[in-house]
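Per-entry structural report
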Amino acid sequence: MSLEQQLKDLEQEAARDIAATDSLEPLEELRRKHLGKSGEITAILRGLAKLEVEEKKKIGQLANEIKDSIQNLLDNRRKGLEAEALSARLSQEVIDVTLPGTRSELGHIHPLTQVTEEIISIFYGMGFTVAEGPEVETDYFNFDALNTPKDHPARDEQDTFYTNVRPDVLLRSQTSTVQIRVMNSKKPPLRVISPGRVYRNEEVNARKYPLFHQLEGLLVDRDVTFGQLKGTLNAFIRELFGKPLKTRFRPDFFPFTEPSAELDSQCPFCEGSGCRTCGNRGWLELLGCGMVDPNVLQGAGIDPEEWSGFAFGMGIERLAMLRYGINDIRHFYNNDLRFLRQF
Ligand code: DAH
């Protein structure tokens, strides 16, 4: 058989092989078989040296043309197969644009934060600004500077958590610490509130939790009176419950105020006639307050002959529970959406 015929047969064979291929991997195999170093066309090209000049030219040219044509067939088949594979994938991976998407739920502010923000805004309206203090405190700020020395029985009610940093480093049991921090760092007149977390070493029950929140208030100015304290707190209660309610101040004791009182308001739900929220008493105990003890002012470097003040402190959970009729403090921390969604 002539070399020319051999080449034409090889071309046909390659064309048949390529047409019969139905996936991409065998194509590479075919390229090696027909065009590779040990392929038959390559062998013919190698043998060209032995031929006559004319023959060499003719066969050489033909062999190269056939190589190109086989390469073209391979390329086209590859493109064809790739296109088929793509359209097969596309028809399988159909995206149904009419399916509803995954909605992300809108959250909202935690009820405790809502109440805190509301209380802050009421006091803003009366010229108070927010001051903050650390939750990890020293014995000094939590007790001593608040007129509660080591052997004072009032410490018993505020057992807290101590750290191993130093024996006197503890988690604050009250936001009253911020009163001292503010008086130490600023000159009177002062008008601040301070919301924040406090800690108590207590057993958990429906009304008590080892972590809770308080909001402290402090006003220091010249000639501050108990009447101003009452007026300020009455205005607060009116705003908080949205209506004027009777209030009463019962004598109480706090080491850092003198005199001290507990503020009760008429129950906003039954307006005094007795209901479940107020335990049929008609009154709600809302917060502790009093006139800043001169010892405390003195200790913080403020002259009690020139300045006087009042202070108050409230439990935020307690107010939120009254406000929303919540009967168990633990609901605030369980993060149960069935509870949280109601606010
Ligand atoms: N710190 C007190 C407590 O945790 C609450 C309190 C009472 C704060 C009277 C005050 C105050 O500022 O004047 O029980």
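Residues numbered from 1 in each chain as written. Predicted model: local features only at pLDDT ≥ 70, side-chain atom pairs only at ≥ 80, totals over all residues. Heavy atoms only, no water.

1. Describing helix 4 (residues 53-92)
Counted at 1.5 Å a residue, the expected span for helix 4 with its 40 residues is 58 Å, and the 58 Å between its end C-alpha atoms agrees. What helix 4 keeps buried is the set Ile59, Gly60, Leu62, Ala63, Ile66, Ile70, Leu74 and Leu81. Buried residues along helix 4 sit against helix 1 (3-20), helix 2 (24-35) and helix 3 (40-47). (Helix = DSSP H or I, 4+ residues; strand = E, 2+ residues; numbered from the N terminus. Expected span 1.5 Å × (residues − 1). Buried < 20%, exposed > 50% of the residue type's maximum accessible area, 1.4 Å probe, protein only. Contact = heavy atoms within 4.5 Å.)

2. So, the pairing of strand 5 (residues 211-221)
With nine of eleven residues buried, strand 5 lies mostly within the body of the structure. Bridge analysis of strand 4 (residues 190-199) against strand 5 gives ten bridges, and the strand direction is antiparallel. Counterpart to Val198 in the pairing with strand 5 is Phe212. (Pairing = 2+ DSSP bridges.)

3. Some remarks on helix 7 (residues 177-185)
Looking only at helix 7, the buried set comprises Thr177, Val178, Gln179, Ile180, Val182 and Met183. For helix 7, the secondary structure elements touched by its buried residues are strand 2 (136-138), helix 6 (139-142), strand 4, strand 5, helix 9 (294-299) and strand 9 (308-315).

4. Quick look at the nonpolar core
Most often, soluble globular proteins keep nonpolar side chains buried together rather than apart. Ile119, Phe123, Phe236, Leu287, Phe312, Met314 and Phe332 are the most contacted members of the largest nonpolar core, which totals 46 residues. Ignoring any residue separated from it by four or fewer positions in sequence, one finds Phe312 in contact with Phe123, Ile193, Leu215, Glu216, Gly217, Leu229, Leu233, Leu287, Gly288 and Cys289. One finds Phe141, Met183, Leu218 and Phe256 within the second-largest nonpolar core, a separate group that totals 20 residues. (Core = buried A, V, L, I, M, F, W, Y, C linked by side-chain atoms within 4.5 Å.)

5. Quick notes on the environment of Glu258
Tracing the chain through its elements places Glu258 in strand 7 (residues 257-266). Along the chain, Glu258 and Cys289 lie 31 residues apart, while their C-alpha atoms are 9.3 Å from each other. Every residue in contact with Glu258, bar those within four places of it in the chain, is listed here: Met291 and Asp293.

6. Regarding the domain arrangement of the chain
Domain boundaries in the chain define domain 1 (3-92) and domain 2 (111-340). Inter-centroid distance (C-alpha atoms) of domain 1 to domain 2 is 91 Å. (Domains from an automatic or database assignment.)

7. Quick word on the environment of Lys8
With respect to the helices, strands and loops of the structure, Lys8 is situated in helix 1. Once the C-alpha coordinates of Lys8 and Gln174 are considered, the two residues, 166 residues apart in sequence, prove to be 100 Å apart.

8. Observations concerning the sheet that holds strand 6 (residues 247-254)
One open sheet accounts for seven strands, arranged 1-4-5-9-8-7-6; its pairing is mixed. Each end of this open sheet is capped by a strand with a single partner; those strands are strand 1 (129-130) and strand 6. Relative to strand 7, strand 6 runs antiparallel, the two sharing seven bridges. By the bridge assignment, Phe249 is partnered in strand 7 with Leu263. In the packing of helix 8 (residues 226-241) onto the sheet, contacts are made with strand 6, strand 7, strand 8 (283-292) and strand 9, and the angle to strand 8 comes to roughly 145°. (Axes fitted to C-alpha atoms, helices over the stretch in contact; angles between N-to-C directions.)

9. A look at a negative patch on the surface
A contiguous patch of negative charge, built from Asp156, Glu157, Asp159 and Asp252, is present on the exposed surface. With respect to the helices and strands, Glu157 occurs in the loop between helix 6 and strand 3 (169-171). (Patch = residues over 30% accessible without salt bridge, like charges linked within 9 Å, V, L, I, M, F, W, Y side chains within 5 Å. Areas by Shrake-Rupley, 256 points an atom, 1.4 Å probe, with all protein chains shown as cover. Salt bridge = Lys/Arg side-chain N within 4 Å of Asp/Glu carboxyl O. Lys, Arg positive; Asp, Glu negative; His and termini not counted. Charge placed at Lys NZ, Arg CZ, Asp CG, Glu CD.)

10. Notes on the side chain of Arg155
Following the sequence through the fold, Arg155 ends up in the loop between helix 6 and strand 3. If sequence neighbours within four positions are ignored, Arg155 has contacts with Asp139, Phe143, Asp144, Thr148, Pro149 and Lys150.

11. Things to note about the site of the ligand
Around the ligand sit 16 residues in total, of which Gln174, Ser176, Arg200, Gln214 and Glu216 are the nearest. Here a nitrogen atom of the ligand and a side-chain polar atom of Gln174 are 2.7 Å apart. Here an oxygen atom of the ligand and a side-chain polar atom of Gln214 are 2.9 Å apart. With the chains in place, 91% of the 360 Å² that the ligand exposes on its own is no longer accessible. Among the elements of the structure, strand 5, strand 8 and strand 9 are those that each provide at least two residues to the shell around the ligand. (Near = heavy atom within 4 Å. Polar contact = N/O pair within 3.5 Å; in protein donor to acceptor, adjacent residues only side chain to side chain.)

12. Here we look at unusual backbone geometry
Cis geometry marks the peptide bond from Pro188 to Pro189; its omega dihedral reads 5°. Along the chain, Pro189 falls in the loop between helix 7 and strand 4. With an omega dihedral of -5°, the bond running from Glu258 to Pro259 counts as a cis peptide bond. Among the secondary structure elements, Pro259 is positioned in strand 7. The phi angle at Asn147 is positive, at roughly 65°, despite the residue not being glycine.

13. Some points on the packing of helix 1 against helix 2
Relative orientation of the contacting elements helix 1 and helix 2 amounts to 170°, with a least axis distance of 10 Å. In terms of axis orientation, helix 1 runs roughly antiparallel to helix 2. Along the contact surface, helix 1 presents Glu13, Ala14, Asp17 and Ile18, while helix 2 presents Leu27, Leu30, Lys33 and His34. The residue inventory of the contact of helix 1 with helix 2, partitioned by class, reads four nonpolar, one polar and three charged. (Parallel < 35°, antiparallel > 145°, perpendicular 65-115°, else oblique. Nonpolar A, V, L, I, M, F, W, Y, C, P; charged D, E, K, R; others polar.)

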